[in-house]
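If you want the building blocks of each chain, they are given just below.
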Amino acid sequence: MRRKAAVRRLVATAVLLAALASGCAASIDPDALPGRYRDETGGEVLLEPDGTFSATAVSTDDFSGPADFSGSWEFHDRETATDFVYLSVEDGGLGRIAGIQLYTKDQETVYFHYDVDGPLTTVLHKVDTP
């Protein structure tokens, strides 16, 4: 009898934790992503509603300095991993890199994360567009 009760409590706890975890995940509305995002050094990423973007003085990794680049963007909703915006870079703006992931923390915060085992490379917050 005690074993069945313990199993029921364990299952109930697992269900409760799963429900809480799913409620904590930030849901990203791709239609609300367009806007200007800025880091503390003044670097900016501008996501346009037409699917284009421009980046000015943005560091995407720990090895190169700030860069300017542009191209098109597309939101990728990942059910099992972090959602991200894929930036397709045009005209060699990042050297040989043709694209890069801009991760979404929430509706107001995006970031580059070059080394998944290291700290975030650059965090940008949505700002009011002048």
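Student: Would you explain the sheet that holds strand β6 (residues 99-106) in this entry?
Tutor: Two strands in a sheet stick together by hydrogen bonds in their backbones, pointing the same way (parallel) or opposite ways (antiparallel). The strand order around the closed barrel formed by eight strands is β1-β2-β3-β4-β5-β6-β7-β8, and the pairing between neighbours is antiparallel. Strand-to-strand, the axes of this sheet are offset by a mean angle of 30 degrees, without reference to chain direction. As judged from the three bridges shared by strand β1 (residues 35-38) and strand β8 (residues 122-127), these two strands associate in the antiparallel manner. Pairing of Arg36 across the sheet is with Val127, part of β8.

Student: Is there a simple way to explain the nonpolar core in this structure?
Tutor: Nonpolar side chains in soluble globular proteins tend to end up buried together. Formed by 21 residues in total, the largest nonpolar core has its most connected members in Leu47, Phe69 and Leu87. Those elements that provide at least two residues to this core are β2 (44-47), β3 (52-58), β4 (67-76), β5 (84-89), β6 and β7 (109-112). Here the element with the most residues in this core is β4; it accounts for four residues.

Student: Could you clarify how one ought to interpret the pattern of salt bridges in this entry?
Tutor: Two side chains with opposite charge may pair up if their charged atoms get near one another. Tallying each qualifying case throughout the model produces two salt bridges. Between Glu44 and Arg36 there is a salt bridge; the shortest N-O distance is 2.7 Å. When its relative accessible area of 16% is taken as the criterion, Glu44 is described as buried. Taking the relative accessible area as the measure of exposure, Arg36 reaches 16% and is therefore buried. Where Glu44 meets Arg38, a salt bridge forms, and the shortest distance between an N and an O atom there is 2.4 Å. Salt bridges sharing common partners tie together Arg36, Arg38 and Glu44.

Student: What should I look at first to understand the pairing of β4 in this one?
Tutor: Regular strands show a simple pattern: their side chains alternate between the two faces of the sheet. When β3 meets β4, the two strands line up antiparallel, connected through five bridges. When the sheet's bridge partners are listed, Ala55 is paired in β4 with Phe69. Here six bridges tie β4 to β5, and the two strands are oriented antiparallel to one another. Bridging from a neighbouring strand, Ser72 pairs with Ser88 of β5.

Student: I'm lost on the environment of Lys105 in this one. Help?
Tutor: Assignment of secondary structure puts Lys105 in strand β6. For the pair Lys105 and Ile28, spaced 77 residues apart in sequence, the C-alpha separation works out to 8.7 Å.

Student: Explain the packing of aromatic side chains to me, please; I cannot follow it from the model alone.
Tutor: Here a ring pair, both rings aromatic, is described through the centre-centre distance and the interplanar angle of the planes. Under the counting rule described, the total for this entry stands at four aromatic pairs. Between the aromatic rings of Phe53 and Phe69, the centroid separation amounts to 5.9 Å while the plane-to-plane angle is 70 degrees, which identifies the pairing as edge-to-face. Separated by 16 residues along the polypeptide, Phe53 in strand β3 and Phe69 in strand β4 bring together distant segments of the chain. Residues Phe53 and Phe69 agree in their burial class; the two are buried. Ring pairing ties together the aromatic residues Phe84, Tyr103 and Tyr111, which thus form one cluster.

How each quantity is defined
For every chain, the first residue of the written sequence is number 1, and numbering continues from 1 onward in sequence order. In keeping with the predicted nature of the model, local features appear solely for residues at pLDDT of at least 70, side-chain atom pairs appear and are counted solely at 80 or more, and the whole-chain, interface and lining totals rest on all residues. The basis for the side-chain values is all heavy atoms of the structure; hydrogens and waters are excluded. Two strands qualify as a pair provided that DSSP identifies no fewer than 2 bridges between them. A run of H or I in DSSP counts as a helix once it spans at least four residues, and a run of E counts as a strand once it spans at least two, with each numbered from the N terminus. For helices, the fitted axis covers only the stretch in contact; all axes are lines through C-alpha atoms, and the angles between them, taken along N-to-C directions, range from 0 to 180 degrees. Buried Ala, Val, Leu, Ile, Met, Phe, Trp, Tyr and Cys residues form a nonpolar core when they are joined through side-chain atoms within 4.5 Å. Per-residue accessibility, obtained with a 1.4 Å probe over protein chains only, is compared with the maximum for each type, and a residue is labelled buried under 20%, exposed over 50%, and partly exposed between these values. Salt bridges are defined by distance alone: a side-chain nitrogen of Lys or Arg within 4 Å of a carboxyl oxygen of Asp or Glu. What counts as a ring pair is set by centres within 6.5 Å for rings of Phe, Tyr and Trp (its six-membered ring), and what kind of pair is set by the plane angle: stacked under 30 degrees, edge-to-face over 60, tilted for all other angles.

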